[in-house]
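Structure assessment
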Amino acid sequence: YVSRRGLPQEAKAADSLVLRPQHAHWPLVWMLALTQISVGLATATAAVPSPSWFLSGAAVAIGFAGLGASVLHLGRPLQAWRAFMGLGHSWLSREIFAFGGFAPLLVLSLGLQLLDLPYTRLAWAVTALAGLGAIYTSVMIYHDTRRRFWRFPRTFVRFYGTAGTLAAAGLILSGIFSWGAPILLASWALKLLAEGRVLRQSSNGRNDADNHSARIQTECKRSALRIRWGASIVGTLILVATPVAGVPFGLLGIVLLSAAEIAERYLFFTAVYAPKMPGGVSA
């Protein structure tokens with residue numbers, strides 16, 4: 001209900017305490033997680049003097065897998081070309097164009113690397129910058145919904161934290177441990193700190209959006225939450241130990257970190273509090 005005079009603070013819908021997880025939107029889960037992982041690996045490729053084929057190839061393959069998943073969410077995929085009509089006011093249109101530019105840059109950079117041509121590192125640097133800019137459009141899409149769980153600081157940390165975490169993992173696998181380890185630990189700590197602040201709201205006794213999002217995770221989506229935290233912690237520890245254990249051991253760390261980010265993006269959608277009419281279905 002909306003009123004210019006406001007509503008009494010004690011006025012609550014009769015079903016306000018009912019926990020209703022939202023739709024997972026799996027195509028968007030995969031699209032957001034994989035494109036941000038790809039941007040992270042592309043950033044690591046640009047920072048490494050002699051990047052491995054695995055690193056650059058993974059950036060391209062994962063990036064296109066994420067973009068392919070995004071098509072599955074479109075109700076009318078054949079009309080996607082009309083996205084340019086909303087560039088002046090729609091962050092979704094801007095996201096389509098931003099990642100539409102990121103994709104050919106991935107191919108160009110990999111091609112220059114395969115042919116061992118000049119300006120390969122410059123191409124990867126431009127690709128990484130384009131990808132980082134594209135992530136910002138994704139952040140703004142969810143911030144503009146005005147849902148508390150998706151507000152700008154939280155979404156910014158989540159999305160860029162994914163790219164930063166995988167960029168650091170790529171640096172470690174490439175042998176640049178002195179830079180990779182601090183960046184990995186900083187990204188990992190920042191993300192889990194931000195997510196932990198929301199989870200602490202589950203015991204605050206209030207009935208608000210943060211409490212609802214926290215309880216969805218701790219009561220309804222406990223398995224996904226355990227995967228998110230467990231895979232993240234174990235994957236980080238494995239990568240930190242990579243210089244001693246070896247690169248194959250580090251690959252396992254990257255797989256676990258990627259799984260943790262996918263689980264986090266699943267919770268990002270299912271735990272959001274969606275405003276609705278009392279007794280109605282969530283928007």
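Just so it is clear, the model here is predicted, and its values are computed rather than measured.

**Digging into the overall build of the chain**
Across its full length, the chain holds 10 helices and 0 strands. With 283 residues in all, the chain has 48% of them scored as buried. Considering only contacts in the chain between residues 6 or more positions apart, those separated by 24 or more positions represent 72%. Here the chain has roughly 14200 Å² of accessible surface; of this, 68% comes from carbon and sulfur atoms.

**Examining the nonpolar core**
Residues Trp-124, Ile-135, Tyr-142, Trp-150, Phe-159, Leu-239 and Phe-269 are the most contacted members of the largest nonpolar core, which totals 52 residues. Take this core: its biggest share by element is 12 residues, from helix H1 (residues 26-47). Ignoring anything within four residues of it in the chain, the contact list for Phe-269 reads Gln-22, His-23, Ala-24, His-25, Leu-28, Val-29, Leu-32, Tyr-142 and Trp-150. Within the second largest apolar cluster, 6 residues are counted, among which are Ala-24, Ala-224, Tyr-266 and Leu-267.

**Quick word on the environment of Leu-55**
Residue position: Leu-55 is located in helix H2 (residues 53-71). Contacts of Leu-55, omitting those with residues within four sequence positions, involve Leu-41, Ala-44, Thr-45, Val-48, Gly-170 and Ser-174.

**Considerations on the environment of Leu-34**
Looking at the secondary structure, you find Leu-34 in helix H1. For the pair Leu-34 and Phe-64, spaced 30 residues apart in sequence, the C-alpha separation works out to 8.5 Å. Setting aside residues up to four positions removed in sequence, Leu-34 forms contacts with Ile-62, Ala-65 and Gly-66.

**Points about helix H8 (residues 222-240)**
Look at H8: 27 Å from first C-alpha to last across 19 residues, which is about the 27 Å you get at 1.5 Å a residue. Of all the positions in H8, only Ala-224, Leu-225, Arg-228, Ala-231, Ser-232, Gly-235, Thr-236, Ile-238 and Leu-239 are classed as buried. Against the buried residues of H8 lie helix H5 (152-173), helix H6 (177-199), helix H7 (209-220), helix H9 (242-245) and helix H10 (247-270).

**As for the packing of aromatic side chains**
Aromatic ring pairs: the centre-centre distance and the angle between the two ring planes describe each pair. A complete count under the given rule lists 16 aromatic pairs for this structure. Ring centres of Trp-150 and Phe-268 lie 5.2 Å apart, and the angle between their planes is 20 degrees; on these two criteria the pair is classed as stacked. Here Phe-268 lies in helix H10 and Trp-150 lies in the loop between helix H4 (120-143) and H5, a separation of 118 residues in the sequence. On the accessibility criterion, Trp-150 (7% relative accessible area) is buried. For Phe-268, a relative accessible area of 0% translates into the label buried. Residues Trp-150 and Phe-269 carry aromatic rings whose centres are separated by 5.9 Å and whose planes lie at 80 degrees to one another, so their mutual orientation is edge-to-face. Of this pair, Trp-150 sits in the loop between H4 and H5 while Phe-269 sits in helix H10, and the two are 119 residues apart along the sequence. Here the basic side chain of Arg-94 rests over the ring of Trp-91, its NZ or CZ set 4.4 Å away from the ring centre.

The rules behind the values
- Sequence order as written defines the numbering, with residues in each chain counted from 1.
- Residue-level local features of this predicted model are given only where pLDDT is at least 70; pairs of side-chain atoms are given and counted only at 80 or more, and the full residue set underlies all totals for whole chains, interfaces and linings.
- Only hydrogens and water are removed before side-chain values are computed, so all heavy atoms of the structure are retained for them.
- Counting from the N terminus, the helices are DSSP H or I runs at least four residues long and the strands are E runs at least two residues long.
- Remark: exposure states derive from per-residue accessible area (1.4 Å probe, protein chains only) relative to the maximum for the residue type, with buried under 20%, exposed over 50%, and partly exposed in between.
- When checking whether two residues touch, look at their non-hydrogen atoms; a contact exists if any pair is within 4.5 Å.
- The method behind every accessible area is Shrake-Rupley, applied with a 1.4 Å probe, and residues are considered shielded solely by the protein chains displayed.
- Only buried residues count toward a nonpolar core, which is a set of Ala, Val, Leu, Ile, Met, Phe, Trp, Tyr and Cys residues joined through side-chain atoms within 4.5 Å.
- To estimate how far a helix should extend, the number of its residues minus one is multiplied by 1.5 Å.
- Side-chain rings of Phe, Tyr and Trp (the six-membered ring for Trp) are treated as a pair once their centres are within 6.5 Å; stacked means planes under 30 degrees apart, edge-to-face means over 60, and tilted covers the remaining angles.
- Note on criteria: charge over ring means Lys NZ or Arg CZ within 6 Å of the ring centre, with the direction from the centre no more than 35 degrees off the ring normal.

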